[in-house]
Amino acid sequence: MSHGAGGAGVPLPPVGEDDREAVRRGQVFAAETPTSTAALHEARLWLGTPYQHQASLRGVGCDCLGLVRGVWRALQGPEPEAPPPYRPDWAELGGRELLAEALARRLIPLDPAAARPGDVLLFRMAPDVPAKHCAIASAPDRMIHAYWGRACVESWRGRWWRERLVAAFAFPDTLSQRERAGPAA
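Fair warning: this is a prediction, and the values are worked out from it, not measured in the lab.

Parameters at a glance
Residues numbered from 1 in each chain as written. Predicted model: local features only at pLDDT ≥ 70, side-chain atom pairs only at ≥ 80, totals over all residues. Heavy atoms only, no water. Phe/Tyr/Trp six-rings, centres within 6.5 Å; stacked < 30°, edge-to-face > 60°. Helix = DSSP H or I, 4+ residues; strand = E, 2+ residues; numbered from the N terminus. Buried < 20%, exposed > 50% of the residue type's maximum accessible area, 1.4 Å probe, protein only. Core = buried A, V, L, I, M, F, W, Y, C linked by side-chain atoms within 4.5 Å. Contact = heavy atoms within 4.5 Å. Polar contact = N/O pair within 3.5 Å; in protein donor to acceptor, adjacent residues only side chain to side chain. Expected span 1.5 Å × (residues − 1).

Q: Help me understand the packing of aromatic side chains, please; the structure alone is not making it clear to me.
A: The geometry of an aromatic ring pair comes down to the distance between the two centres and the angle between the two planes. The tally for this structure, following the rule as stated, stands at two aromatic pairs. Ring centres of Phe123 and Trp161 lie 4.9 Å apart, and the angle between their planes is 70°; on these two criteria the pair is classed as edge-to-face. Here Phe123 is found in strand 4 (residues 120-123), whereas its partner Trp161 is found in helix 5 (residues 159-162), with 38 residues between them in sequence. Just as Phe123 is buried, Trp161 falls in that class too.

Structure (structure tokens):
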């Protein structure tokens, strides 16, 4: 995946430049990959799914992790590990960066500034607590996520969210995953 460089010889915006200005000028940051395109398409199918803590069933219920799990299943097949039961306030109770560690085991870590549509974004909701909210980038300034108490929505990724973004991840290339697995026995 070519997430870190400008596509087709187009330079990245200067450091600190607002992404919206680059989009207004029509600048393209990176070529989309078949996997990122498929991830974004799948995430959009989840829009309107009611918020349901620990759920991951499109059209029925999901939380933010459930959305990412559902996109994984659509792209990769069965989930490689089941999440343990978790309370809504698990991150506020302190401890390790469990969500970041789990995402890094299965997805490709990226510099958050290099995240593109179809990539997973991870947010820290308060200082000094583990990151606990994830979303799928849908544009340089938008994301799809399960909004607590409401539904899976596409929202603006404004300053409040940008200040809390701590990590980003790309889904593995589906074809590469299948090739590594080898022929079915």
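Q: For this particular structure, what's the right way to read the nonpolar core?
A: Inside soluble globular proteins, nonpolar side chains tend to come together where they are buried. Ranked by size, the top nonpolar core spans 28 residues in total, and within it Leu67, Leu103, Val120, Leu122, Cys134 and Phe171 carry the most contacts. Mapped onto this core, the elements with two or more residues apiece are helix 2 (34-45), helix 3 (64-76), helix 4 (98-106), strand 4, strand 5 (133-139), strand 6 (142-146) and strand 8 (165-170). With seven residues, the top contributor of residues to this core is helix 3. Beyond its immediate sequence surroundings of up to four residues, Cys134 is in contact with Cys64, Leu65, Val68, Leu99, Val120, Leu121, Leu122 and His145. Residues Leu110, Ala115, Ala137 and Trp161 belong to the second largest nonpolar core, which totals 11 residues.

Q: What's the story with the environment of Gln76 in this structure? I'm lost.
A: Relative to the helices and strands, Gln76 is located in helix 3. Expressed as a C-alpha distance, the spacing of Gln76 and Pro172, which sit 96 residues apart in the sequence, is 8.4 Å. A polar contact is formed between the side chain of Gln76 and the backbone oxygen of Pro172, at a distance of 2.9 Å.

Q: Explain helix 3 to me, please; I cannot follow it from the model alone.
A: Helical geometry: 3.6 residues make up each α-helical turn, so side chains three or four residues apart lie on a common side. When the terminal C-alpha atoms of helix 3 are compared, their 18 Å separation across 13 residues agrees well with the 18 Å that a helix rising 1.5 Å per residue should span. Within helix 3, 11 of the 13 residues are buried, which leaves it mostly tucked inside the rest of the structure. Every buried residue belonging to helix 3 is among Cys64, Leu65, Gly66, Leu67, Val68, Arg69, Gly70, Val71, Trp72, Leu75 and Gln76, and all of these are buried. Between a side-chain oxygen at the N-terminus of helix 3 and the backbone nitrogen of Leu65 the separation is 3.3 Å; the capping residue is Asp63. Note on helix 3: the residue one or two positions beyond its end, Gly77, has a positive phi of about 105°.

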